[in-house]
Amino acid sequence: MPDIGASVGHSVTAGFPSVATGLEQKDVIRHLFEAVESFNWLEKEDDLHLVTCLSGSGPAYYFAFCETMIAAAIKAGLNDDLAKNLCVGTAVCSR
């Protein structure tokens, strides 16, 4: 579920290949996903559930946390734009 991150070019996701997936197919899949940042192959299919929890659902929690931090900064006296810029800038990093 890399849709939100992919929309800004900072996606991280993972996949599990079936036994029928060849090396060339895996390379194509990796190349497609890496166009929007990071892709990882999983060793166990069951780990897809953990990936969904972490990088699939995680953005919703992160955004809620940021909204709370921004609101607190504004309440403490920072202007809206500065509060948003500081909060977003704190989490955005390049590899």
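The structure under discussion appears in the preceding block.
Residues numbered from 1 in each chain as written. Predicted model: local features only at pLDDT ≥ 70, side-chain atom pairs only at ≥ 80, totals over all residues. Heavy atoms only, no water.

## Considering the overall build of the protein
Quick note on the threshold: Secondary structure is summarised from DSSP: a helix means a run of H or I of at least four residues, a strand means a run of E of at least two, and numbering begins at the N terminus for each. Note that the radius of gyration is over C-alpha atoms, with the globule rule given as 2.2 Å times the number of residues to the power 0.38. Each residue is placed in one exposure class: buried if its accessible area under a 1.4 Å probe, protein chains only, is under 20% of its type's maximum, exposed if it is over 50%, and partly exposed if it falls in between. Any two residues having at least one pair of non-hydrogen atoms within 4.5 Å are treated as being in contact. We get accessible surface area from the Shrake-Rupley algorithm with a probe of 1.4 Å; when it comes to residues, only the shown protein chains can shield them.
Of the regular secondary structure elements, the protein holds 5 helices and 2 strands. Starting at the N terminus and ending at the C terminus, the protein contains elements arranged as α-β-α-β-α-α-α. Taking 12 Å as the expected radius of gyration for a compact globule of 95 residues, we find that the protein reaches 17 Å, considerably beyond that expectation. Over its C-alpha atoms, taken along the principal directions, the protein stretches across nearly 60 × 25 × 20 Å. By residue count, 16% of the 95 residues in the protein fall in the buried class. For the protein, the proportion of contacts with a sequence separation of at least 24, taken over those separated by at least 6, is 66%. Accessible surface for the protein amounts to roughly 7200 Å². Of this, 62% is attributable to carbon and sulfur atoms.

## Describing the environment of Val88
Residue position: Val88 is located in helix H5 (residues 80-91). Residues Val88 and Cys66 lie 22 residues apart in sequence; the distance between their C-alpha atoms is 7.6 Å.

## Topic: a nonpolar patch on the surface
Our working definition: The patches described consist of residues with a relative accessible area above 30% and no salt bridge, like charges being joined within 9 Å and nonpolar side chains (Val, Leu, Ile, Met, Phe, Trp, Tyr) within 5 Å. Salt bridge, as used here, is a side-chain nitrogen of Lys or Arg placed within 4 Å of a carboxyl oxygen of Asp or Glu.
Together, Ile4, Tyr62 and Phe63 give the surface a local cluster of nonpolar side chains, amounting to about 260 Å² of exposed area. Secondary-structure assignment places Phe63 in helix H4 (residues 58-76). In this structure Phe63 comes out as partly exposed when scored by relative accessible area, which is 36%.

## With respect to the pattern of salt bridges
All chains considered together, the criterion is met by 2 salt bridges. Among the ionic pairs, Asp47 bridges to Lys44, the shortest N-O distance being 3.8 Å.

## Thoughts on the pairing of strand S1 (residues 11-15)
Short version of the rule: Between any two strands, pairing holds if DSSP finds at least two bridges. Every crossover in which the path from the first strand over the helix to the second runs clockwise, viewed with the strands pointing away from the viewer, is termed right-handed.
In terms of burial, S1 is a largely internal element, 4 of the 5 residues being buried. Two elements, S1 and strand S2 (residues 37-41), share 5 bridges in a ladder whose sense is parallel. Residue pairing across strands places Thr13 opposite Phe39, the latter belonging to S2. Taking the sense of rotation as the criterion, the β-α-β connection linking S1, helix H2 (residues 23-34) and S2 turns out right-handed.

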